[in-house]
Amino acid sequence: MTLPHPTAASPALAPVLPATHPAVQRSRWLAVGSLLGLIVLGLAWELVLAPVRPGGSLLALKVLPLCIPLAGLLKNRMYTYRWVSLLVWLYFTEGVVRAYGDRFPSNALALLEVLLCLSLFAACALHVRLRLRHARELAASQAAAASSPTAPPAA
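Residues numbered from 1 in each chain as written. Predicted model: local features only at pLDDT ≥ 70, side-chain atom pairs only at ≥ 80, totals over all residues. Heavy atoms only, no water.

Engineer: What exactly am I supposed to notice about the packing of helix α1 (residues 22-49) against helix α4 (residues 106-147) here?
Structural biologist: Helices that pack against each other are described as a pair by the angle of their axes relative to one another and the distance between those axes. Where α1 contacts α4, the two axes come as close as 8 Å, and the packing angle between them is 155 degrees. When the interaxial angle is binned, α1 and α4 end up roughly antiparallel. The hand of the α1/α4 crossing is left-handed. (Axes fitted to C-alpha atoms, helices over the stretch in contact; angles between N-to-C directions. Helix = DSSP H or I, 4+ residues; strand = E, 2+ residues; numbered from the N terminus. Parallel < 35°, antiparallel > 145°, perpendicular 65-115°, else oblique. Left-handed = near helix turned anticlockwise from the far one by under 90°.)

Pasting the structure below:
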């Protein structure tokens, strides 16, 4: 059995990925908040709080890749949640390296970056898991409803 592609136009797929469930909404807003936190932290860190060079540095451009998935997260696109959960590990690695090698306040900011990365990853993973679980439950209930007779057989 093959499943239809998630972008295929199908009336059965429309209600499969609910965005209104409270747990899904919380994971969505945690992901968006963590992503925005990483963007703000990256800019503040490299331009104001602890730049590599006085007056700011071009390392602030590291936040540009984080700006790309923001629209997809806000539009609740499942694919975006999946690839952001992979992209975030680059920033996690930077945070771990700089937390170990830099001096205060840069190492404290790096630890904050690590925490935001872990939060973003957990939120993305939870969001995808909740939506897929609900899709399986909905498909099972639709299959059960389709296989059960609506009227008793005539005798």
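Engineer: Can you walk me through the environment of Gly56 in this structure?
Structural biologist: Tracing the sequence through the fold places Gly56 in the loop between α1 and α2 (64-74). Between the alpha carbons of Gly56 and Glu46 there is a distance of 5.8 Å; along the sequence they are 10 residues apart. If we skip the residues at most four places from it in the chain, Gly56 touches Glu46, Leu47 and Pro51. (Contact = heavy atoms within 4.5 Å.)

Engineer: I keep staring at a nonpolar patch on the surface and nothing clicks. Help me out?
Structural biologist: A cluster of nonpolar side chains, Leu43, Leu47, Val48 and Leu49, forms an exposed patch at the surface whose accessible area comes to about 360 Å². Taking the relative accessible area as the measure of exposure, Leu43 reaches 34% and is therefore partly exposed. (Patch = residues over 30% accessible without salt bridge, like charges linked within 9 Å, V, L, I, M, F, W, Y side chains within 5 Å. Areas by Shrake-Rupley, 256 points an atom, 1.4 Å probe, with all protein chains shown as cover. Salt bridge = Lys/Arg side-chain N within 4 Å of Asp/Glu carboxyl O. Buried < 20%, exposed > 50% of the residue type's maximum accessible area, 1.4 Å probe, protein only.)

Engineer: Could you clarify how one ought to interpret the pattern of salt bridges in this entry?
Structural biologist: Two side chains that carry opposite charge are able to pair once their charged atoms sit near each other. If you walk through the whole model with that rule in mind, you get five salt bridges. Put simply, Arg98 and Glu94 hold a salt bridge, and the shortest N to O gap is 3.2 Å. Here Arg98 and its partner Glu94 are both found in helix α3 (residues 78-101), four residues apart, which amounts to about one turn of the helix. A relative accessible area of 12% places Arg98 in the buried class. Here Arg98 and Asp102 are joined by a salt bridge, their closest N and O atoms 2.9 Å apart.

Engineer: Where do I start with α2 in this structure?
Structural biologist: When α2 is considered as a whole, its buried residues turn out to be Leu66, Pro69, Leu70, Gly72 and Leu73. Directly beyond the C-terminal end of α2, a positive phi value near 65 degrees is found at Asn76.

Engineer: What exactly am I supposed to notice about the side chain of Arg28 here?
Structural biologist: Along the chain, Arg28 turns up in helix α1. Salt bridges are absent for the buried Arg28, whose nearest opposite-charge side chain, Glu137, sits at 19 Å. What Arg28 contacts, discounting residues up to four positions off in sequence, is Leu73, Leu74, Lys75, Asn76, Tyr81 and His127. (Lys, Arg positive; Asp, Glu negative; His and termini not counted.)

Engineer: What should I look at first to understand the confidence of the model for the chain in this one?
Structural biologist: Summary statistics for the chain give a mean pLDDT of 86 and a share of 83% for residues scoring 70 or more. Of the regions scoring below 50 in pLDDT, residues 1-17 engages in 13 contacts with residues more than four places distant in sequence or in other chains. (pLDDT = per-residue confidence, 0-100.)

Engineer: Looking at this structure, how should I read unusual backbone geometry?
Structural biologist: Note: most residues except glycine have negative phi, and most peptide bonds are trans. Residue Pro105 follows Phe104 across a cis peptide bond; omega there is 5 degrees. Relative to the helices and strands, Pro105 resides in the loop between α3 and α4. In this structure, Asn76 is a non-glycine residue whose phi angle is positive, near 65 degrees. In this structure, Asn76 sits in the loop between α2 and α3. Overall, Asn76 belongs to the buried group, its relative accessible area being 12%.

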